[in-house]
Amino acid sequence: MVDHVNRPGRLRPAPEHFLSEGQIKAVAAGRRDFLRKSFLAAGAALAAPLAVRAAEGDPEILNLPEWTTSLGQPVATRPYGLPSKFESQVIRRESPGLARVGGASVSFTPLQSMFGIITPSGLHFERHHQGWHDIDPARHRLMVNGSDGSLLREAKVYKMDDLMRLPQVSRIHFLECGANTGLEWGNVAVPTVQYTHGMLSCSEFTGVPLRLLLEDCGVDFKKARYVLAEGADGSSMTRTIPMEMVESGEVFVAYGQNGEMLRPENGYPLRLVVPGVQGVSWVKWLRRIEVGDKPYATKDEAVHYIDLLPSGLHRQYSSIQEAKSVITTPSGGQTLLDKGFYNITGLAWSGRGKIKQVDVSVDGGLNWRTARIEGPVQNKALTRFNIDWVWDGKPAILQSRAIDDTGYVQPSYGQLRAVRGTKSIYHNNAIQSWKVVESGEVSNVQVL
Amino acid sequence: MSRFSKSILVLALFGASTASFAFDNFKGIGRPATPAEIKAWDIDVRPDFKGLPKGSGSVDRGQELFEEKCASCHGTFGESNEVFTPLVGGTSKEDSKTGRVAALATGELPQRTTFTKVATISTVFDYIQRAMPWTAPKSLKPDDVYAILAYMLNLSELVPADFTLSDKNIAEVQKLLPNRNGMTTDHGLWPGAPAAKGGIGNGGKPDVRNTACMKNCKPQVLVGSTLPDYARNAHGNLADQSRSFGPVRGVKTGESVAVASIAPEPSAELDLATKNGCMACHGVNNKIVGPGYTEVQLRYKDQPNAADRLVTKVKEGGQGVWGSIPMPPNGQLKDDDAKTLVKWILSGAK
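Participant: Account for the interface of chain A and chain B, naming residues and giving values.
Facilitator: Quite often, the size of an interface is put as the accessible area lost when its parts meet. Listed as interface residues are 107 residues of chain A and, on the opposing side, 91 residues of chain B. In terms of residue count, strand β24 (residues 442–447) of chain A provides more of the side of chain A that touches chain B than any other element does, five residues in total. Grouping the constituent residues of the side of chain A that touches chain B by class yields 48 nonpolar, 41 polar and 18 charged. By the bridge criterion, two bridges tie strand β4 (residues 156–159) of chain A to strand β1 (residues 31–32) of chain B in an arrangement that is antiparallel. Looking across to β1(B), one finds that A:K156 is bridged to B:P32.

Participant: Account for the domain arrangement of chain A, naming residues and giving values.
Facilitator: Residue and element names in this part refer to chain A. Its domain assignment divides chain A into domain 1 (14–69), domain 2 (102–312) and domain 3 (324–445). Distance from the C-alpha centre of domain 2 to the C-alpha centre of domain 3: 27 Å. Contact residues are listed per partner, giving 31 residues for domain 2 and 28 residues for domain 3. Of all the elements in the fold, those that place two or more residues in the side of domain 2 that touches domain 3 are β5 (169–176), α8 (193–197) and β13 (307–308). Counted by class, the side of domain 2 that touches domain 3 contains 18 nonpolar, 11 polar and two charged residues.

Participant: If you had to explain the pairing of strand β18 (residues 355–361) of chain A to someone new, which residues and values would you point to?
Facilitator: All names here are of chain A. Where burial is concerned, most of β18 is hidden: six out of the seven residues are buried. In the sheet, β18 pairs with strand β22 (residues 396–404) via six bridges, with the strands oriented antiparallel. Across the sheet, the residue bridging to D359 is R401, located in β22. Of the strand pairs in this sheet, β18 and strand β19 (residues 369–370) are connected by two bridges, and their pairing is antiparallel.

Participant: Report on the domain arrangement of chain B, specifying residues and quantitative values.
Facilitator: Residue and element names in this part refer to chain B. Taken domain by domain, chain B holds domain 1 (56–174), domain 2 (227–259) and domain 3 (268–318 + 328–346). Each of domain 1 and domain 3 was reduced to a C-alpha centroid, and the two centroids are 30 Å apart. The interface is formed by nine residues belonging to domain 1 together with five residues belonging to domain 3. At the level of secondary structure, the elements contributing two or more residues to the side of domain 1 that touches domain 3 comprise α3 (59–69) and α4 (71–74). Residue composition of the side of domain 1 that touches domain 3, by class: four nonpolar, two polar and three charged.

Participant: Could you give an account of the sheet that holds strand β4 (residues 183–184) of chain B, with specific residues and numbers?
Facilitator: With mixed pairing, the three strands of this open sheet are ordered in space as β13(A)-β14(A)-β4(B). The outermost strands of the open sheet, each flanked by one partner alone, are β13 of chain A together with β4 of chain B. Bridge analysis of strand β14 (residues 314–315) of chain A against β4(B) gives two bridges, and the strand direction is parallel. Looking at the pairing, A:H314 lines up with B:M183 of β4(B).

Reading the values: rules and limits
- Residues numbered from 1 in each chain as written.
- Chains lettered and ligands numbered in written order.
- Predicted model: local features only at pLDDT ≥ 70, side-chain atom pairs only at ≥ 80, totals over all residues.
- Contact = placed C-beta atoms within 7 Å.
- Helix = DSSP H or I, 4+ residues; strand = E, 2+ residues; numbered from the N terminus.
- Nonpolar A, V, L, I, M, F, W, Y, C, P; charged D, E, K, R; others polar.
- Pairing = 2+ DSSP bridges.
- Domains from an automatic or database assignment.
- Buried ≥ 20, exposed ≤ 12 C-beta atoms within 10 Å, placed from the backbone.

And the structure:
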């Protein structure tokens with residue numbers, strides 16, 4: 001590949017997209033034979049005298065490509081469709097050194113390559129505590145019981161057959177791991193937005209409000225003020241959910257995601273949806289709901305997912321994901337092609353409600369402009385923002401700042417650290433900064 | 001039913017937030033859970049010990065179990081940082097008196113261990129019982145869980161070597177936990193009722209307050225941290241991680257790696273290895289906790305008795321050949337299966 005870092009402002013000739021470095025060298029050395037076979041159109045463009053071709057026009061236009069001059073593939077060639085083969089860069093990735101065993105690790109969503117607000121299900125980030133399974137839905141059960149038999153009229157068991165007969169809701173919500181951006185609490189640690197913010201997704205989920213199930217079991221809502229959600233996997237992950245959120249109707253048991261069933265990695269066939277709350281509470285492979293009169297202090301709310309403060313105290317039961325935003329293009333680890341016009345685009349979200357406004361700065365936060373928000377804005381969902389920018393070729397620092405409908409303004413690193421120090425791991429919602437240098441390379445920096 | 005009356009019904013179902021459902025509304029949906037079913041799944045243990053099973057276990061028994069079932073990931077003394085964060089260490093006798101781990105405030109801990117954090121002993125019991133050991137969760141009997149927890153408490157210097165932990169004395173042990181007073185719920189991140197109304201936290205009040213300044217917001221831009229070169233180049237070739245068309249390209253930070261199928265081809269032996277939990281610690285070509293199978297093959301390929309010796313090792317466990325983390329015994333594995341797996345590994349695990 002051509003070294004764009006040291007050659008800013010040079011649009012890459014199209015054929016090079018398909019050539020490896022070795023192949024480019026081969027072309028330079030005059031060995032072009034292989035090109036004629038594998039890269040007909042591209043080869044022709046390179047093999048012909050460039051000056052002549054340039055005068056006539058673009059070879060991609062002058063030489064009709066094979067897709068214009070041949071028969072394409074029939075329907076149902078792929079019974080389940082796949083992305084183009086040219087999209088191989090757009091995949092989930094692990095961050096090296098984060099975890100030793102893949103069963104208790106994370107893969108990150110490639111936010112740098114995504115549009116709009118919906119995360120394709122196959123790119124949804126993964127966080128498993130003890131590996132994932134592909135559970136037979138015919139054998140899956142959901143039990144609703146009480147920490148004490150007196151807290152409900154009757155403990156019940158539901159099959160998927162039962163759950164899918166019940167009144168159905170579909171809602172778009174973001175899902176962010178509490179540890180998203182956690183690697184960056186103390187200092188810059190990772191190069192791209194995939195690794196800084198990629199434990200983030202947004203899907204349309206379909207399922208049954210948990211309230212309906214609890215009412216079906218005759219739960220005593222006066223006494224039962226907490227809900228324990230438990231997974232069916234080996235870790236049988238558990239988290240405490242406040243009954244107020246269940247009563248509001250917004251917590252639901254979901255089987256659908258983006259028009260199809262949940263993916264196995266995301267909890268097939270049943271998971272909990274707890275809008276605005278960190279992902280760990282959205283228990284996957286949901287097998288049991290227990291109503292209780294006290295919180296549970298489970299492992300993931302007593303050993304992990306607790307926020308260390310400078311005082312040495314840990315914040316327990318910290319659950320809400322506060323307003324946050326990030327510019328996804330241009331972002332760290334990318335290079336701008338040239339000076340001139342760009343559409344800066346990014347995502348904003350708040351666990352407390354709707355995004356009201358997003359401001360963007362290109363000078364490290366000295367001055368801000370309000371970005372365009374792509375509506376309709378959904379409650380506790382990713383919200384796409386865009387803003388025009390003409391890059392003058394000089395150094396710049398790009399930032400975005402979200403404001404939600406409670407009036408909360410996304411804080412700077414300096415403000416957040418003044419209260420929470422640098423070792424919290426969880427709930428880092430600081431303003432993200434991307435530095436652009438003259439070469440066009442964009443890198444991760446932290447502005448206080 | 002007319003469309004009109006149907007919509008009235010829907011309104012009745014969803015209209016008022018206080019609406020309650022009569023049981024018969026969802027007639028034919030779900031069925032009562034039996035006592036045996038509830039017993040089989042309701043295994044959680046709360047901080048007030050609701051749900052705690054009866055039983056007991058000694059430190060000695062715990063040590064045996066720990067070495068057999070836990071040490072391969074956590075180290076013999078729960079100190080290992082190889083696979084997971086350490087379980088014990090970082091706490092003092094003084095912490096056990098105050099209930100606050102002092103090192104958490106001074107920042108002198110290189111890494112927090114479970115016992116520097118956890119404030120409720122029920123949490124540890126609950127978690128071991130529901131999720132451990134890593135490859136065979138829920139295989140421990142309550143007495144085993146008491147014993148393993150007793151050993152961990154002894155490693156943390158909270159109970160003597162001759163101690164036996166039981167449902168009778170666990171509440172006393174709770175009073176010794178080094179960080180039992182180390183949690184606060186005085187924050188705005190709990191989405192339910194606040195403490196003032198019998199819930200948790202301050203009712204959603206944020207702890208930082210930024211303002212939406214638009215012009216000349218500060219005298220200068222202070223860059224607190226930039227990306228170090230080693231971090232820039234530690235995530236593979238970033239040129240391969242953005243599209244090759246559009247407004248930007250990924251920067252080149254290494255050589256391109258052909259996107260080959262990393263997943264091994266399916267095989268009966270691989271299935272067998274997966275089912276028996278081998279793949280949690282071994283890759284086919286890569287070290288995870290233990291060596292990759294192709295590494296094993298390389299080491300043993302010229303040794304005549306290798307197959308028999310490895311079958312014994314797979315069954316009984318071992319330590320020292322590949323590092324300090326021991327391989328746990330796999331008594332559950334049938335002899336024939338162990339032989340099949342070893343033969344497969346020594347032939348290149350293809």
